[in-house]
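Coordinate inspection notes
Read off the chains here:
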Amino acid sequence: MHTSDLYLAVHWTARASALLFAAALVAPALFRSSGQRSQGFYLGFILAHTIHFMFVIGLVRATGGANMFPGGRSVADVGGWPAVFGIFALFYALAFIAFAARRMGTRARSTLRVAGRLSTLFLGYMFVSTYVPLVSRSRWYALPAAIVATAVLVDASGRRLRREPTHESGAHTRAGCAL
């Protein structure tokens, strides 16, 4: 593959990953019985990001890692291959913690639920913080940043969005109307 093809593949696989991540986060808020759908989107997100990482490795090999990090820093400037693989490991740790927490749902221990929420927030932050600085290059980068940020907010408030009205709130409303 030519270097320009690798750059293109890195960009498009990152965008696909971001959109699958966002879809996995909003599916539960949009669809009542979306457990399988949400898990499918989430596994698709992990697969898309794995493909993204494969293209990143190809690009690092093709370019010597030049300009791979913000500020034009090279892979060598940030610690070389151990740093690259450390980033990959951090991604997979966060992604699988969040996936495990989602899969277990309310059966998960509170520590896993909190770790899952924090992992999701951090993954969302990583996407948004990658795309926002690129908006100066092209306004189109604002779209994936906005989609992921919105999805993270929907996910964070998801339980409140799906909450069924309780009998208390109905009684309160009826009493309020009777006055």
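Values in this document were obtained by computation on a predicted structure and should not be read as measured data. Starting from 1, residues in each chain are numbered consecutively following that chain's sequence as written. With pLDDT at 70 or above as the cut-off, local features in this predicted model cover only qualifying residues; side-chain atom pairs require 80 or more to be listed or tallied, and sums for whole chains, interfaces and linings still use all residues. As a rule here, side-chain values come from all non-hydrogen atoms in the structure, and water together with hydrogens is ignored.

A few words on the packing of aromatic side chains. Stacked, edge-to-face and tilted labels apply to pairs of Phe, Tyr and Trp rings (six-membered ring for Trp) whose centres lie within 6.5 Å, assigned for plane angles under 30 degrees, over 60, and everything in between, in that order. Inspection of the entire model under this criterion finds 16 aromatic pairs. A ring pair is formed by Y42 and F45, whose centres lie 5.2 Å apart and whose planes are at 75°; its orientation type is edge-to-face. Here F45 and Y42 lie together in helix α2 (residues 35-63), a separation of three residues that amounts to about one turn. Assigned by exposure class, Y42 and F45 land together as buried. Note on Y42 and F99: the rings are 5.8 Å apart at their centroids and 25° apart in plane angle, and the pair reads as stacked. One end of the pair, Y42, is in helix α2; the other, F99, is in helix α3 (residues 81-104), with 57 residues separating them in the sequence. Judged on exposure class, the residue Y42 and its partner F99 are both buried. One aromatic cluster in this structure is built from F21, Y42, F45, F53, W81, F85, F88, F91, Y92, F96, F99 and F127. For a lysine, the NZ atom is tested; for an arginine, the CZ atom; a charge sits over a ring if that atom is within 6 Å of the ring centre and within 35 degrees of the ring normal. Note that R15 overlies the ring of W12, its terminal NZ or CZ placed 4.7 Å from the centroid. Helix and strand assignments follow DSSP, with helices taken as H or I runs no shorter than four residues and strands as E runs no shorter than two, numbered in order from the N terminus. Categorising residues by exposure relies on relative accessible area from a 1.4 Å probe, with only protein chains included: less than 20% of the type maximum marks a residue as buried, more than 50% marks it as exposed, and the intermediate range marks it as partly exposed.

Moving on to the nonpolar core. It is characteristic of soluble globular proteins that their nonpolar side chains tend to be buried jointly. Here, nonpolar core means buried Ala, Val, Leu, Ile, Met, Phe, Trp, Tyr and Cys residues that are tied together by side-chain atoms lying within 4.5 Å of each other. By size, the foremost hydrophobic cluster in this structure holds 33 residues, and its most contacted members are F21, Y42, F45, A95, L123, F127 and Y131. Mapped onto this core, the elements with two or more residues apiece are α1 (3-30), α2, α3, α4 (110-131) and α5 (142-156). With eight residues, α1 is the largest single contributor of residues to this core.

This part covers the confidence of the model for the chain. A residue-level look at the chain finds 85% of positions with pLDDT of 70 or above and a mean pLDDT of 86. As a per-residue quantity, pLDDT reports the predictor's confidence and falls between 0 and 100. Any two residues whose heavy atoms approach within 4.5 Å at even a single point are treated as in contact. Contacts of residues 162-179 to residues separated by more than four positions or lying in other chains number three contacts, the stretch itself having pLDDT below 50.

Attention shifts here to the pattern of salt bridges. The working definition used for a salt bridge is a side-chain nitrogen of Lys or Arg within 4 Å of a carboxyl oxygen of Asp or Glu. The final tally for this structure, using the stated rule, is one salt bridge. Between D155 and R102 there is a salt bridge, with its nearest N and O atoms 2.9 Å apart. Linking D155 in helix α5 with R102 in helix α3, this pair joins segments that are 53 residues apart in sequence.

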